[in-house]
Amino acid sequence: MTDSIMSKAATMEIPINSNGDTGTLPEDDSLEQAAKLQWSLDEKVGSSRGTRDLQQVMVSGPNLNETSIVSGGYGGAAEGIIPTSSIKGSNMHHSSSSSSMMAEEATRGVAVEKLETVKKWGLNTYKCTKQMISERFGRGSRTVDLELEAQIEVLRDTKRKYENVLRLARALTNHFYNMVQTQHALGDTFADLSQKSPELRDEFGYNAETQKLLCKNGETLLGAVNFFVSSINTLVNKTMEDTLMTIKMYESARLEFDAYRSDLEELSLGPRDAVAMARIEAAQQQYQVQKDKYERLRSDVIIKLKFLEENKVKVMHKQLLLFHNAISAYFAGNQEQLEQTLKQFNIKLRPPGADKPSWLEEQ
């Protein structure tokens, strides 16, 4: 409305008299009236706009996340608002996207590594299975060390026999323990009857003393036999088993070595182009790795077999002597020799009821 009034006022004719002065016609003061009208309208519009802006600020409060950039020019002001939250949001989005890209690359690297591991394992398993089937059906060659194979077979046979000795010794221990418990109960019964039967007091008393003495010697013999069983168990289930585990690793390495050796021989019989030569070179490297592993484990097996034989002779010499002396002294009724045998081999018997330590010993 003010723009139309201004355009109308600007297009009004200003009459000029002969002396160059403007005319003072009553109807020519319309320009001044138009200016006053525009001023009043601007004041009203400005006051209403200011009131609305003040109300908006009072309701919503100052927005610190926005920055107002005002570009002024002729004919009015033009405002452009650039929210700072958009700048911060762009930086945060850039950092989060970069971190997500790094995490994705790390995950991809782990997945590729696992895939390569599975691929190598599958290829190795295929070659070993192929070699094992070829050996079983007599179509493939295998590396044989006759002397070492004979020693390994002797060890396995020895372990089976020692396991039988261990089983029988445990059975003897269980039976003898039951006999000692029966003698102990029988001695208590004889002692009770000697108190309640005056006419047979001496006879019951002699038998009670005899059963108590046999029970005491039997507990001493049980200590020696338990020590014998414990030593044989350690020799069979720990020392021999450790050597057999190394032998299993050696046999697995031997199978892998023969598998890669057969693969190299097959590639060597094929064409000699560039691709084939690259495959032959890779197969040669794998063959050398498996050969070094096979020879290292073979050396470990030879050393362990040697030390096992020496340890076996030493342990069994001591344990067989203990077993013989303890059994002989017990059935000969020589209590002093039986006790001396336990002292000779540093065997300490647990007193009755000492299976569980007291609370003072646990502190």
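Residues numbered from 1 in each chain as written. Predicted model: local features only at pLDDT ≥ 70, side-chain atom pairs only at ≥ 80, totals over all residues. Heavy atoms only, no water.

## Side note on the overall build of the protein chain
Stage number 1. Tallying secondary structure elements over the protein chain gives eight helices and two strands in all.
Stage number 2. The linear arrangement of helices and strands in the protein chain, starting from the amino end, is α-α-β-β-α-α-α-α-α-α.
Stage number 3. In the protein chain, the share of contacts with a sequence separation of at least 24, taken over all contacts with a separation of at least 6, comes to 71%.
Stage number 4. Accessible surface for the protein chain amounts to roughly 26400 Å². Of this, 58% is attributable to carbon and sulfur atoms. (Helix = DSSP H or I, 4+ residues; strand = E, 2+ residues; numbered from the N terminus. Contact = heavy atoms within 4.5 Å. Areas by Shrake-Rupley, 256 points an atom, 1.4 Å probe, with all protein chains shown as cover.)

## Here we look at the packing of helix α4 (residues 146–196) against helix α6 (residues 274–332)
Stage number 1. Orientation of α4 relative to α6, taken along the N-to-C sense of each, is 25°, at an axis distance of 12 Å. Regarding the angle of α4 to α6, the classification is roughly parallel. The element α4 and its partner α6 pack so that their crossing is left-handed. Residues Leu148, Gln151, Ile152, Leu155, Thr158, Tyr162, Leu172, Phe176, Met179 and Gln183 of α4 touch α6, and the partners they reach there are Arg298, Val301, Ile302, Leu305, Leu308, Lys312, Met316, Phe323 and Tyr330. (Axes fitted to C-alpha atoms, helices over the stretch in contact; angles between N-to-C directions. Parallel < 35°, antiparallel > 145°, perpendicular 65-115°, else oblique. Left-handed = near helix turned anticlockwise from the far one by under 90°.)

## Concerning the packing of helix α5 (residues 201–268) against α6
Stage number 1. For the pair α5 and α6, interaxial distance at closest approach is 8 Å and the crossing angle is 165°. Taken together, α5 and α6 sit at an angle that is classed as roughly antiparallel. Along this stretch, α5 crosses α6, giving a crossing that reads as left-handed.
Stage number 2. Partitioned by chemical class, the residues of the contact of α5 with α6 number 32 nonpolar, twelve polar and eleven charged. (Nonpolar A, V, L, I, M, F, W, Y, C, P; charged D, E, K, R; others polar.)

## Some points on unusual backbone geometry
Stage number 1. The backbone phi angle of Asn346 is positive, close to 55°, even though this residue is not glycine.
Stage number 2. Topologically, Asn346 is positioned in the loop between α7 (335–344) and α8 (359–362).

## Some thoughts on the nonpolar core
Stage number 1. The biggest cluster of nonpolar side chains holds 42 residues, and the ones touching the most others in it are Ile152, Leu155, Ile247, Tyr250, Val301 and Leu305.
Stage number 2. Not counting the four nearest positions on each side in its chain, Val301 is found in contact with Leu148, Ile152, Thr246, Ile247 and Tyr250. (Core = buried A, V, L, I, M, F, W, Y, C linked by side-chain atoms within 4.5 Å. Buried < 20%, exposed > 50% of the residue type's maximum accessible area, 1.4 Å probe, protein only.)

## A short note on the packing of aromatic side chains
Stage number 1. According to the stated counting rule, one finds seven aromatic pairs in the structure shown.
Stage number 2. Each ring, one from Phe190 and one from Phe204, has its centre 6.0 Å from the other, and the planes form 40°; the classification is tilted. On the criterion of sequence distance, the pair formed by Phe190 in helix α4 and Phe204 in helix α5 is long-range, its members being 14 residues apart.
Stage number 3. Overall, Phe204 belongs to the buried group, its relative accessible area being 17%.
Stage number 4. Aromatic pair Phe257 and Tyr294: ring centres 5.2 Å apart, planes at 5°, arrangement stacked. Remark: Tyr294 occurs in helix α6 and Phe257 occurs in helix α5; sequence separation between them is 37 residues.
Stage number 5. Its relative accessible area of 7% is what places Phe257 among the buried residues.
Stage number 6. Of the residues examined, Tyr294 reaches a relative accessible area of 7% and is grouped as buried. (Phe/Tyr/Trp six-rings, centres within 6.5 Å; stacked < 30°, edge-to-face > 60°.)

## What to know about α6
Stage number 1. Along its 59 residues, α6 runs 85 Å from first to last C-alpha, staying within 8% of the 87 Å computed at 1.5 Å per residue.
Stage number 2. Gly333 lies just past α6 and shows a positive phi near 75°. (Expected span 1.5 Å × (residues − 1).)

## Digging into the side chain of Thr158
Stage number 1. Tracing the backbone through its elements, the reader meets Thr158 in helix α4.
Stage number 2. Sequence-distant contacts of Thr158, defined by excluding residues within four places in its chain, comprise Met240 and Lys312.

## Comments concerning the pattern of salt bridges
Stage number 1. Taken as a whole, this structure holds 14 salt bridges when the rule is applied.
Stage number 2. Linking Lys293 and Glu256 is a salt bridge whose minimum nitrogen-to-oxygen distance equals 3.5 Å. Of this pair, Lys293 sits in helix α6 while Glu256 is found in helix α5, placing the two residues 37 residues apart along the sequence. (Salt bridge = Lys/Arg side-chain N within 4 Å of Asp/Glu carboxyl O.)

## Section: the environment of Arg167
Stage number 1. Its place among the elements puts Arg167 in helix α4.
Stage number 2. C-alpha of Arg167 to C-alpha of Asn233: the two residues are 66 residues apart in sequence and 9.6 Å apart in space.

## Brief notes about α7
Stage number 1. Listed in full, the buried residues belonging to α7 are Leu338, Thr341 and Leu342. Buried residues of α7, seen end-on, are gathered within an arc of 95° and therefore sit on one face of the element. Pointing more than 90 degrees away from the buried face of α7 are the exposed residues Glu336 and Lys343.
Stage number 2. Where α7 is buried, its residues touch α5 and α6.
Stage number 3. Two residues or fewer after α7 comes Asn346, characterised by a positive phi angle close to 55°. (Arc of directions from axis to C-beta.)

## Regarding the environment of Asp292
Stage number 1. As for its placement among the helices and strands, Asp292 is situated in helix α6.
Stage number 2. Judged by relative accessible area, Asp292 falls into the partly exposed class, the value being 40%.
Stage number 3. Sequence separation between Asp292 and Ala253 is 39 residues; the distance between their C-alpha atoms is 9.6 Å.

## So, the confidence of the model for the protein chain
Stage number 1. Confidence in the prediction of the protein chain, expressed as mean pLDDT, is 77, and 70% of residues score 70 or more.
Stage number 2. Here α8 stands out as the least confident element of the protein chain, with mean pLDDT 37; α4 is the most confident, with 94.
Stage number 3. Contacts for the low-pLDDT stretch residues 1–32, under 50 throughout, to residues beyond four places or in other chains number 18 contacts.
Stage number 4. Considering only residues more than four positions removed or in separate chains, one finds that residues 356–363, a stretch of pLDDT under 50, has two contacts. (pLDDT = per-residue confidence, 0-100.)

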